[in-house]
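Geometric and topological summary
Residue strings, one per chain:
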Amino acid sequence: EDYPIHELMMRTYAQGDSTGAKRLTKWVQENDQLRQYILVALRERGPLRTGDFEDTTNASWSSSGWNSGRTVLRMLDYLWSSGQILVTQRNGLDRWWDLAERVHPEWLPDAGWAEEQVTYDAAQKSLRALGLGRERDISRHFIERRYPNLGKIIKQHHHEELIVPVNVTGWPDTWYVHQDLLPTLDAIEAGNWQPLTT
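Residues numbered from 1 in each chain as written. Predicted model: local features only at pLDDT ≥ 70, side-chain atom pairs only at ≥ 80, totals over all residues. Heavy atoms only, no water.

1. Here's the deal with the overall build of the protein chain
Scanning the protein chain from N- to C-terminus turns up 9 helices and 5 strands. Beginning at the N terminus, the succession of helices and strands in the protein chain can be written as α-α-α-β-α-β-β-α-α-α-α-β-β-α. The C-alpha radius of gyration of the protein chain comes to 21 Å, more than 25% above the 16 Å expected for a compact globule of 198 residues. Principal axes of the C-alpha set define a box for the protein chain whose edges measure 65 × 35 × 35 Å. (Helix = DSSP H or I, 4+ residues; strand = E, 2+ residues; numbered from the N terminus. Rg over C-alpha atoms; globule rule 2.2 N^0.38 Å.)

Structural data, given as structure tokens:
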């Protein structure tokens, strides 16, 4: 159900002018034969594990991190992050990959959501999960730091009475509670609420 929210990131993955995006795009272009090999192997043979793919790279992936030299894994990660393949099952650390089109449920929308729709839904999910929060708390939760026009959307939520501003004693800033959680807030104020976690 949350796929349309994350699909925006997949659609725009490795795009832009950042050094990391340019480096990854260049590396994927240099290793297009590996990308095509993985996609053809999945199309012809069905779900495959990471270890089932041969390394056919022209230029190895190098970094100072955990994925240095793990070129096949890096290409799988690129294809996954860009929404072309998905994990169909796991057994511990072992993952089976397949083409996204074979994994998606039939009800999934064909067209991607616009940025404002993503922010509109994701901000509400974030605030419900947080219980209460400020704009910056929402922006750091769920789809962390990927909330285009969050301030505008929060004003819209408030205007539509989906969220309610609240004061938190001793804490500055404007805090919000989702309207679905108002009964919980009432129960807390009445002393009739017990937390479920310690």
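2. Regarding the layout of surface pockets
Of the volumes computed, that of the largest pocket is approximately 340 Å³. In this structure, the largest pocket is lined by 15 residues; those nearest its centre are Gly131, Leu132, Val177, Leu185 and Ile188. Sort the elements by how many residues they give to the lining of the largest pocket and helix α9 (residues 182-190) lands first, with 4 residues. Here the residues of the lining of the largest pocket sort into 10 nonpolar, 3 polar and 2 charged. (1 Å grid on protein atoms, 1.4 Å probe; cavity = no way out; pocket = protein on both sides within 12 Å on 5 of 7 lines; lining within 4 Å. Points joined across faces, edges and corners; volume = space filled by probe spheres on them. Nonpolar A, V, L, I, M, F, W, Y, C, P; charged D, E, K, R; others polar.)

3. Comments concerning the sheet that holds strand β1 (residues 48-49)
Sheets are built from strands that pair by backbone hydrogen bonding, the pairs being arranged parallel or antiparallel. Read across the open sheet, the 3 strands follow the order β1-β3-β2; overall the sheet is antiparallel. Strand pairing shows two members of the sheet lacking a second neighbour, β1 and β2 (85-91), which therefore form its edges. Across 2 bridges, β1 lies against strand β3 (residues 94-99) in antiparallel orientation. By the bridge assignment, Leu48 is partnered in β3 with Trp97. Across the sheet, helix α4 (residues 71-81) is in contact with β2 and β3; its angle to β2 comes to roughly 120°. (Pairing = 2+ DSSP bridges. Contact = heavy atoms within 4.5 Å. Axes fitted to C-alpha atoms, helices over the stretch in contact; angles between N-to-C directions.)

4. Re the environment of Ile163
Note on placement: Ile163 falls in strand β4 (residues 163-168). Linking Ile163 and Trp61, residues 102 residues apart in sequence, is a C-alpha distance of 46 Å. In contact with Ile163, not counting residues within four places along its chain, are Leu127, Ile154, His157, His158, Tyr176, Val177, His178 and Gln179.

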